Amino acid sequence: MVAITNQQQNNQNGRSSRPNCSTSKIFIGLLILASALLWMSIMLAVRLTEDVVNQNNQFMQQHEEMVVEKTELVRSSSSSSLKQEPSSSHVVEQSPSVNNNANDDDLLANWITKQTRSNNNNNGNTDSPPSSSLSDLLSTPLNFTPGSLPLSQLSTLQHCHVDPQFYKNHLKGGIGQLSYSKKYNLAYILIPKSGSSTGRYMMKTEFDAVEPRGYKAVMEAMNADNIIAFVREPLSRFYSQYDEAYVRTAPWSNTQNPYYINPNNPQKTKKVHPFPFLYENLQSYQDYEDVFCPPSTRKNPNNRRECLFRPSQEDGTLAKRLDRFVQEYDGRDPYDVHLILQVPKLLSKNSDGTSVHITELYNTTNAENDWQLIAKKYIGQHAEFTKAGNGKKGGKVIEGRSYPRRFDKSLVSRETERRICLLALLDYCCLNFPLPSSCEEDVQGLSCTMDYDDERGAVRVQPGFFPDVARVNAF
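Cut-offs applied
- Residues numbered from 1 in each chain as written.
- Predicted model: local features only at pLDDT ≥ 70, side-chain atom pairs only at ≥ 80, totals over all residues.
- Heavy atoms only, no water.
- Helix = DSSP H or I, 4+ residues; strand = E, 2+ residues; numbered from the N terminus.
- Buried < 20%, exposed > 50% of the residue type's maximum accessible area, 1.4 Å probe, protein only.
- Contact = heavy atoms within 4.5 Å.
- Areas by Shrake-Rupley, 256 points an atom, 1.4 Å probe, with all protein chains shown as cover.
- Core = buried A, V, L, I, M, F, W, Y, C linked by side-chain atoms within 4.5 Å.
- Salt bridge = Lys/Arg side-chain N within 4 Å of Asp/Glu carboxyl O.
- Phe/Tyr/Trp six-rings, centres within 6.5 Å; stacked < 30°, edge-to-face > 60°.
- Lys NZ or Arg CZ within 6 Å of the ring centre and 35° of its normal.
- Disulfide = S-S within 2.5 Å.
- Patch = residues over 30% accessible without salt bridge, like charges linked within 9 Å, V, L, I, M, F, W, Y side chains within 5 Å.
- Pairing = 2+ DSSP bridges.

Undergrad: I would appreciate a short explanation of the overall build of the chain in the present structure.
TA: Scanning the chain from N- to C-terminus turns up 13 helices and seven strands. Per-residue burial over the chain gives 45% buried out of 475 residues. Summarising the internal contacts of the chain: among those between residues at least 6 apart in sequence, 73% fall at separations of at least 24. For the chain, the accessible area works out to roughly 25600 Å², and carbon and sulfur atoms hold 50% of it.

Below you can see the structure in the form of structure tokens.
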């Protein structure tokens, strides 16, 4: 009886242990399956992450290339709201490296039609222009405001005509100095007071460029596939031109100065300065410095170092002399190379009034970013200004002279600034720069003109007015 009872108990225990064993096997199987699913999920997430990263990298690379390509199209056709001493105002445009004359012609035809229709409406004539051909549309020359053309600065320059007689003294020096990188097939035209010191330094240090000497070397540079230049807002540039020419041609300056007066032998002066009143009562640079940086305004009257970068403290003497110079200067005979206009430095050597082949035209107000773009285009997308470092950002004034104006610009009259706009009207018209606010009041006297050159079969853009000598008796 006991044996039977034990046997029954063992059978019951065996039956009760089977479900436990089966449950354990099921649990282990589920655990393995869950682990496998987890592993597959991790691998899938890793794969998806890699795909997303690759896609993002590809997108960023494409975006960066697109930005560079599009920004190469960005040039300095500034908006009409640009004011005096403007900041950069670029617009997206057709790439200047591609001469899309047909597109320019279409833009001009539509623009001329609108301008003509507007002029006719103002005159009470509601007739529409009879033809869309440029030669017919410009059968009568069209006057327009500087900066209003629907073209890039480079395209406007390519339509520019420079009167070889009126501007002959600006054309004497020919094209500006060149910096040429054979390694990158890149040439840069240096224009004085338009970022040339920075450009020269950047080309030399970052592009292994040299400045060619001799006809053969210059022609090799001019035949480069890529030729770039920088231009500057004309009023801002004129102030810088004047300051530079003032010091370089001063009677006390004996470095490459035909107007130098040797105090020991004043009779041997090579040339008489055309505007001697600029230096009345000034016998040395120190005398000049005492005008814009009076000893009474210095922390230490005997220390001149603080005068280098301090804003002018002059009493109006220098500003009045600038006023007189601007009124008497006719703009035809630049007695110093720094007074030459920008456009003549971009013309072909035969001086027929047309520009050389330029592929890219930039504005000095955006020089840092533009030099970055140039480096990315020719050196590579990941180009960095490694050589032009030393604590200075590439593209800014690296080797140039960045000093404050020596005259007090706030004392310069608006009449003088309007006269400066007239003197620089060639640059305003042919580089499509808008007039500064001080010159907008006299837009009729500061207009450009457009006509059609049947011989060349092209539109011509040039100043509508030429400067003349003002009434000297006013001073």
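Still more ground to cover, so stick around.
Undergrad: Any chance you could explain the nonpolar core here in plain terms?
TA: Generally speaking, a soluble globular protein has its nonpolar side chains buried in company with each other. Counting residues in hydrophobic clusters, the biggest one holds 83 residues, and the most contacted among them are Ile112, Leu278, Phe325, Val343, Leu346 and Met450. Take this core: its biggest share by element is six residues, from helix H8 (residues 234-248). When near neighbours in sequence (up to four residues on either side) are disregarded, leucine 346 contacts Leu157, Ile189, Ile191, Ala229, Val231, Ser355, Val356, Ile358 and Leu361. By size, the runner-up hydrophobic cluster in this structure holds 18 residues, among which are Tyr184, Leu186, Ile228 and Tyr362.

Undergrad: Just checking my understanding: could you explain the pattern of salt bridges for this structure?
TA: Scanning the entire structure with this criterion turns up 16 salt bridges. Between arginine 460 and aspartate 451 there is a salt bridge, with its nearest N and O atoms 3.0 Å apart. Residue arginine 460 is classed as buried on the basis of its relative accessible area of 19%. Given the relative accessible area of 14%, aspartate 451 is considered buried.

Undergrad: Is there a simple way to explain the packing of aromatic side chains in this structure?
TA: Aromatic rings considered in pairs are described by the distance between their centres and by the relative angle of their planes. Within the structure shown, the criterion is met by 28 aromatic pairs. With a centroid separation of 5.7 Å and an interplanar angle of 75°, the aromatic rings of tyrosine 285 and tyrosine 288 are classed as edge-to-face. In this pair, tyrosine 285 and tyrosine 288 both sit in helix H9 (residues 285-292), three residues apart, roughly one turn of the helix. Sitting over the face of the ring of phenylalanine 277, arginine 324 holds its NZ or CZ atom 4.0 Å from the ring centroid.

Undergrad: Just to check I follow, could you spell out the state of the cysteines for this structure?
TA: Simply put, disulfide is the name for a covalent bond between the sulfur atoms of two cysteines. On inspection of all chains with the given rule, the structure shows four disulfides. Two residues, cysteine 421 and cysteine 439, share a disulfide whose sulfurs are 2.0 Å apart. The sign of the S-S torsion, about 80°, decides the handedness of the disulfide formed by cysteine 421 and cysteine 439: right-handed. Here cysteine 421, found in helix H12 (residues 414-423), pairs with cysteine 439, found in the loop between helix H13 (425-430) and strand E6 (448-453); they are 18 residues apart in sequence, far enough to count as distant. For cysteine 421, a relative accessible area of 0% puts it in the buried group. One disulfide bridge connects cysteine 429 with cysteine 448, the sulfur atoms lying 2.1 Å from each other. Across the disulfide from cysteine 429 to cysteine 448, rotation about the S-S bond amounts to roughly -90°, and the bridge is consequently left-handed. With cysteine 429 in helix H13 and cysteine 448 in strand E6, the pair connects residues that are 19 residues apart, well separated along the chain.

Undergrad: Teacher, can you tell me more about the environment of serine 402 here?
TA: Here serine 402 shows up in the loop between helix H11 (367-378) and H12. Taking the C-alpha atoms as reference points, serine 402 and serine 240, 162 residues apart in sequence, are found 9.6 Å from one another.

Undergrad: How should a nonpolar patch on the surface be read in this particular structure?
TA: The grouping of Ile26, Leu30, Leu33, Leu37, Leu38, Trp39, Met40, Ile42 and Met43 at the surface amounts to a nonpolar patch, some 960 Å² of accessible area in total. Along the chain, the position of tryptophan 39 falls in helix H1 (residues 2-72). Judged by its relative accessible area of 56%, tryptophan 39 falls in the exposed class.

Undergrad: Quick question: what am I supposed to make of the pairing of strand E5 (residues 360-363) here?
TA: Regular strands have side chains that alternate between both faces of the sheet. Here E5 shows a buried face lined by Glu360 and Tyr362 and a second buried face lined by Leu361 and Asn363. As judged from the four bridges shared by strand E4 (residues 226-231) and E5, these two strands associate in the parallel manner. Pairing of valine 231 across the sheet is with asparagine 363, part of E5.

Undergrad: Would you mind showing me how to read the side chain of threonine 364 here?
TA: The residue threonine 364 is located in the loop between E5 and H11 in this model. Threonine 364 has contacts with Ser194, Gly195, Phe230, Val231 and Arg232, leaving out every residue within four places of it along the chain.

Undergrad: What am I meant to see in unusual backbone geometry here?
TA: Working note: non-glycine residues mostly have negative phi, and peptide bonds are mostly trans. Residue aspartate 208 is not a glycine yet carries a positive backbone phi of 55°. With respect to the helices, strands and loops of the structure, aspartate 208 is situated in the loop between helix H6 (196-207) and helix H7 (215-222). Phi at asparagine 281 takes a positive value of approximately 65°, unusual for a residue other than glycine. Here asparagine 281 shows up in the loop between H8 and H9.

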